[in-house]
Amino acid sequence: MRPAPSPLRSVDLLELGRSVAGAARTGEEIEAYVVRSRDVDVNAFNGEVESLATAEIEGVGVRVIVDGRQGYAWAGSLDPEVVADTLADARDNAGFGAPDEFYGLVTPDEFAGIEATELDLFREELLSVPTSDKVALAIELEAATKAVDPRIRGLRSASYGDAAAESAVVNSHGVEVSTRRTVCSCSAYAMAGDGDDTQTGGGYSVGRAFGDLDLNEAAHDAAERAVRLLGAKQPASRRLPVVLDPQVTRSFISLIGSALSAEAIQKGRSMFVAREGEEVAAPGVTLVDDPTLADAFGAASYDAEGVPTRPLGLIGRGRLDAFLHNVYTARRGATTTTGSAVRGGFKSPPGVGARALHLVPGELSPEEILASVPEALFVQSVSGLHSGTNPVSGDFSVGAEGLMVRGGEFAEPVREITIASTLQRMLHDIVHIGSDLEWLPGGAAGMTLLLGEMSVAGR
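Attention in this report is confined to the structure presented alongside it. (Residues numbered from 1 in each chain as written. Predicted model: local features only at pLDDT ≥ 70, side-chain atom pairs only at ≥ 80, totals over all residues. Heavy atoms only, no water.)

A short note on the overall build of the protein chain
In step 1: Helices and strands together make up the secondary structure of the protein chain, namely 10 helices and 20 strands.
In step 2: Counting the 459 residues in the protein chain, one finds 52% classified as buried.
In step 3: Considering only residue pairs separated by 6 or more positions, the protein chain has 71% of its internal contacts joining residues 24 or more positions apart.
In step 4: Only carbon and sulfur atoms are counted for the fraction: they give 48% of the accessible area of the protein chain, which is about 19700 Å².
In step 5: On the protein chain, the mean spot of the 39 positive side-chain charges and the mean spot of the 65 negative ones are 4 Å from each other. (Helix = DSSP H or I, 4+ residues; strand = E, 2+ residues; numbered from the N terminus. Buried < 20%, exposed > 50% of the residue type's maximum accessible area, 1.4 Å probe, protein only. Contact = heavy atoms within 4.5 Å. Areas by Shrake-Rupley, 256 points an atom, 1.4 Å probe, with all protein chains shown as cover. Lys, Arg positive; Asp, Glu negative; His and termini not counted. Charge placed at Lys NZ, Arg CZ, Asp CG, Glu CD.)

If you want it as structure tokens, here you go:
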């Protein structure tokens, strides 16, 4: 079925991709990845527009494989002459590439029998919202956050952003798919003060259409998270149970997802090397990447190589069951692609990654999890996540702030602490997974998570 005309511009991305892939010569494999997007970003400060940026981006990335060598080139234009030059550059670059027997483009036979899930991820009405309304929302968000509590001294930022994107993947083996999506969000970062003490906290709302955004939710979250940290002190060092805020859990499982990439495994850059089939987490832990879930903001019917996506169980009831594969890593690992090719844009060839990573939720609410232990540390946010994590050894040591929990209630706020363990130990120490699964921007979901014990370093 021929796709509907583009609401962004008139160029047919699939037709353009076909023209590139159709130019393959004998012995060549060619793939075209064609992208077009429209972005808006607004920042408000003191009731006025601090910055407003709109951008329309289009471009093509061309991959040529010949004699086991791969060449890649890209251009930020869909002009036919520029695209032709880009194809010529990719061919030229292939001549310089080192041969690798596993290079190759996917063929339809490699995913025969796997039907793509139809997903409705595009809200055309987002394109018709006047810029003035987006500006007004950012300004209103700033005012609403200040109004939540008199201790809100100001905001570091109050912003609105959206994106509408379309893409097409076409290769010379007959694979051709197109996708499109919209996403919009508003966020506030509040500063609360009491005397010389100043604390910060963020809140946001995200959706696919302008009407999905909940300004009051973002304002109240930002203000509450900043105010409740006022008076925070550095606690004494000790070991105790730790409850992760959903946003922190999202970051934690994103680290796990990166280590489950076959690319990381094959390069020896993962703590999960040679551990498939082993018990790597607590028995109640099941980790899934499922891009077919429309509520996930990384949802997609196809991956970045045109392969249909599907649910992939990575850890099942504590056992390591699978890794994420694109076509290259699958061939290198003598297996099949899991439809997990991802791209950061048209400027680079596909890598491997999760799109909708999440823990299967448990039965307890956040309140019930807090009440399940006599005392715990609730971690509201962390810092230095990437510099403090070693994906090979699993060492995990990051800065944190949050609140003590006693009797199921938040107690005194704490700051300037370091929480430490290893990612392997943390997976085994998961006691409760909250029922509050929340899809967050990016490729993972968050929920409240209780870890049995961690080292908490303070004074």
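More follows now that the structure is in view.
A closer look at the sheet that holds strand β4 (residues 152–171)
In step 1: Strands sit in the order β3-β2-β1-β4-β5-β6 across an open sheet of 6 strands; the sheet is antiparallel. In this open sheet, the two strands that pair with only one neighbour each are β3 (69–75) and β6 (197–207). With direction set aside, neighbouring strand axes in the sheet form an average angle of 20°.
In step 2: Where strand β5 (residues 176–194) meets β6, 11 bridges bridge the pair, whose relative direction is antiparallel. From the neighbouring strand, Cys-184 faces β6, where its bridge partner is Gly-207.
In step 3: Strand contacts of helix α2 (residues 80–94): β1 (28–45), β2 (48–66) and β3, with the helix running at about 155° to β3, the strand carrying the most contacts.
In step 4: Each of β1, β2, β4 and β5 is contacted by helix α4 (residues 131–148), which is oriented at about 145° to β4, the strand it contacts most. (Pairing = 2+ DSSP bridges. Axes fitted to C-alpha atoms, helices over the stretch in contact; angles between N-to-C directions.)

Brief notes about the side chain of Asp-289
In step 1: As for its position among the elements, Asp-289 is in strand β8 (residues 287–289).
In step 2: Of the side chains bearing the opposite charge, Arg-355 lies closest to the buried Asp-289, which forms no salt bridge; the N-O distance is 6.6 Å.
In step 3: There is a polar contact of 2.6 Å between the side chain of Asp-289 and the backbone nitrogen of Ala-356.
In step 4: Ignoring any residue separated from it by four or fewer positions in sequence, one finds Asp-289 in contact with Arg-310, Pro-311, Leu-312, Leu-314, Leu-324, Gly-353, Ala-354, Arg-355, Ala-356 and Leu-357. (Salt bridge = Lys/Arg side-chain N within 4 Å of Asp/Glu carboxyl O. Polar contact = N/O pair within 3.5 Å; in protein donor to acceptor, adjacent residues only side chain to side chain.)

Concerning the pattern of salt bridges
In step 1: Considering all chains together, one arrives at 23 salt bridges under this definition.
In step 2: The residue Glu-142 makes a salt bridge to Lys-146 at a minimum N-O spacing of 4.0 Å. Note that Glu-142 and Lys-146 are positioned in helix α4 at a spacing of 4 residues, about one turn of the helix.
In step 3: Overall, Lys-146 belongs to the partly exposed group, its relative accessible area being 31%.
In step 4: Here Lys-267 ties to Glu-263 by a salt bridge, and the two come within 3.3 Å at their closest N and O atoms.

Looking at the environment of Ser-348
In step 1: With respect to the helices and strands, the residue Ser-348 is situated in the loop between β11 (341–342) and β12 (351–352).
In step 2: Between the C-alpha atom of Ser-348 and that of Val-62, which follows or precedes it by 286 residues, the distance is 9.1 Å.
In step 3: Contact partners of Ser-348, with chain neighbours within four places excluded, come to Tyr-72 and Arg-343.

Considering the packing of α4 against helix α5 (residues 215–227)
In step 1: The N-to-C vectors of α4 and α5 enclose an angle of 45°; their axes lie 8 Å apart at closest approach. It follows from the interaxial angle that α4 and α5 lie oblique. As for how α4 packs across α5, the hand of that crossing is right-handed. Residues Leu-137, Glu-140, Leu-141, Ala-144, Thr-145 and Val-148 of α4 touch α5, and the partners they reach there are Leu-215, Ala-218, Ala-219, His-220, Ala-222 and Ala-223.
In step 2: Considering only residue class, the contact of α4 with α5 consists of 9 nonpolar, 2 polar and 1 charged. (Parallel < 35°, antiparallel > 145°, perpendicular 65-115°, else oblique. Left-handed = near helix turned anticlockwise from the far one by under 90°. Nonpolar A, V, L, I, M, F, W, Y, C, P; charged D, E, K, R; others polar.)

Some details on the environment of Val-227
In step 1: With respect to the helices, strands and loops of the structure, Val-227 is situated in helix α5.
In step 2: The class of Val-227 is buried, set by a relative accessible area of 14%.
In step 3: Separated by 117 residues in the primary sequence, Val-227 and Gly-344 have C-alpha atoms spaced 36 Å apart.
In step 4: Contacts of Val-227, omitting those with residues within four sequence positions, involve Asp-149, Arg-151, Ile-152 and Ala-192.

Observations regarding the nonpolar core
Nonpolar side chains in soluble globular proteins tend to end up buried together.
In step 1: Core analysis: the largest hydrophobic core is formed by 50 residues, its most contacted members being Phe-252, Phe-272 and Leu-377.
In step 2: Top element by residues in this core is helix α6 (residues 246–259). It accounts for 6 residues.
In step 3: Residues within four places of Phe-252 in sequence aside, it is in contact with Leu-244, Leu-423, Met-426, Leu-427, Ile-430 and Leu-449. (Core = buried A, V, L, I, M, F, W, Y, C linked by side-chain atoms within 4.5 Å.)

With respect to the sheet that holds strand β9 (residues 312–316)
Strand pairs in the sheet, formed through backbone hydrogen bonds, run parallel or antiparallel to each other.
In step 1: Read across the sheet, 4 strands follow the order β10-β9-β8-β13 without closing on themselves; strand pairing throughout is antiparallel. Whereas interior strands pair on both sides, the edge strands pair on one side only; in this sheet they are β10 (319–320) and β13 (357–359).
In step 2: Note that β8 and β9 share 3 bridges and pair antiparallel. Its bridge partner lying in β9, Val-288 is registered against Gly-313.
In step 3: Each of β8 and β13 touches α6; the most contacted strand, β13, lies at about 115° to it.

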